Amino acid sequence: MATKQFIKGLNQSNNEQFAFTCKGFDLIICVGTLPSRYDATLFENLRASDAHMVYLFTREDPTLVAKSAFFSRYEVGSEEGVFALLAKSFLLHVKIPEHIKNYFEELDEGYISAESNLGEEEIEEIEALYQEASHVLFVLGEDLVCHPRASAIAHLAGLIAKYGKAKLLVVGSTPEMIVTSKSETALDEVAELKSFDGVVVYQCPITKADEEQLLIGSAQFQMAAKVQNSDKISVTINQEVYPRTFVRDDSLKGVIALMPCAKADSSYPYHVVKIVKAEVQ
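The text that follows walks through the structure, step by step, so that each part is easy to find. (Residues numbered from 1 in each chain as written. Predicted model: local features only at pLDDT ≥ 70, side-chain atom pairs only at ≥ 80, totals over all residues. Heavy atoms only, no water.)

What to know about the side chain of E127
Line of reasoning, step 1. Note that E127 resides in helix α8 (residues 120-132).
Line of reasoning, step 2. At 9.2 Å, K165 is the nearest oppositely charged side chain to E127, a buried residue that forms no salt bridge.
Line of reasoning, step 3. Leave out the neighbours within four places in its chain, and E127 touches S89, F90 and H93. (Helix = DSSP H or I, 4+ residues; strand = E, 2+ residues; numbered from the N terminus. Buried < 20%, exposed > 50% of the residue type's maximum accessible area, 1.4 Å probe, protein only. Lys, Arg positive; Asp, Glu negative; His and termini not counted. Salt bridge = Lys/Arg side-chain N within 4 Å of Asp/Glu carboxyl O. Contact = heavy atoms within 4.5 Å.)

Here's the deal with the environment of A262
Line of reasoning, step 1. You can see A262 is positioned in the loop between β10 (256-261) and β11 (270-277).
Line of reasoning, step 2. Given the relative accessible area of 47%, A262 is considered partly exposed.
Line of reasoning, step 3. Each C-alpha atom of the pair A262 and H147 lies 20 Å from the other, and the pair is 115 residues apart in sequence.
Line of reasoning, step 4. Among residues more than four places away in sequence, those in contact with A262 are I206 and E212.

A word on the pattern of salt bridges
Line of reasoning, step 1. Enumeration over the complete set of coordinates arrives at seven salt bridges.
Line of reasoning, step 2. We note a salt bridge from D250 to R248, for which the minimum N-O separation is 2.9 Å.

Brief notes about the packing of helix α6 (residues 98-106) against helix α10 (residues 150-163)
Line of reasoning, step 1. Across the interface, α6 lies against α10 with an axial gap of 13 Å and an inter-helix angle of 125°. Classed by the angle they form, the pair α6 and α10 counts as oblique. Seen along the crossing, α6 lies across α10 with a hand that is left-handed. Contacts between α6 and α10 pair I100, Y103 and F104 from the former with L156, L159 and Y163 from the latter.
Line of reasoning, step 2. Looking at the contact of α6 with α10 residue by residue, the class counts come to six nonpolar, no polar and no charged. (Axes fitted to C-alpha atoms, helices over the stretch in contact; angles between N-to-C directions. Parallel < 35°, antiparallel > 145°, perpendicular 65-115°, else oblique. Left-handed = near helix turned anticlockwise from the far one by under 90°. Nonpolar A, V, L, I, M, F, W, Y, C, P; charged D, E, K, R; others polar.)

Below you can see the structure in the form of C-alpha cells.
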C-alpha cells in the first residue's frame, strides 16, 4: 500500500510523531491535498480549527484559502522542491547531522524556487509563522503519497519532524498503518521537474453521483482549453478517451480543471490532456 510505504519513508523512530487529528496545534501546514474532495472529516476539522494555517497546493481550495494565514500555489510536480526549501528553512538553526547540513548547503535554492514557484520571501513568511508556533502539524496529502518522488518527499518531511518541532498527519492514514524506523538513508538531489505544459486536469474523487460525466474548470481553464460551458468534449489521457461535459465553476481559479472519477487509481493525479469538442450529430 502506497500510504504505508510513504509512512515508512518518513523514517520516524517512534509513533508519537504522528497525529490523526488537527486538534491541539497552533500552526497547521497543509501540503499536497484538496481535502474538500479527498477527506470530508479532515476538511471540516481544518475549517473549524483555530490554528494559523499555511496552505500550499497547485490550485485554490476556496474555503481553505479564505482562512489561511498564508497560501501559495506551487507548480505541478514540484512537491519535492517545496519540501527541500521548507526543510532547509526550518532546520537552519537546529542541531542536525553533518551530512544533512552539507546537503542543505549544496541545494540550488534559486533553481528550486524558480521551478516550484515558491520564492525566498514566501519561504521567509512561512518560516516566521513556524518559529512563532509552539505546536506544529504537517498535513501530508495524497499528491505526495502518489508522487513519483514520494520516497524523497517523505525523507524530507521526516527530517522536519525528527529535528524540528512538527508532527505529521498523513491523509488517509490510521494508527494501524504506522511503521517506525531507525535507518539512516542518504538524501537524493532534488530531481529535475517534469514538464506539465499544456492543458492539465486533476483526477479526484467524486462528491456527487453525476460528477463522473463532468470536467469542472474555471474561466481561465475555459480559455486555455478553448471550450465553452456545457460543451460535450472528449478528454484523452495516455490514449484513453473519457467523454465529459465541461462545466464552468466561477468559484474556481487557475488553469487546472477537476476531473472527478468514481475510481481514482494510485498514480499522481495530474495529467496533461488533449481536449476535443464532440461533433454535433
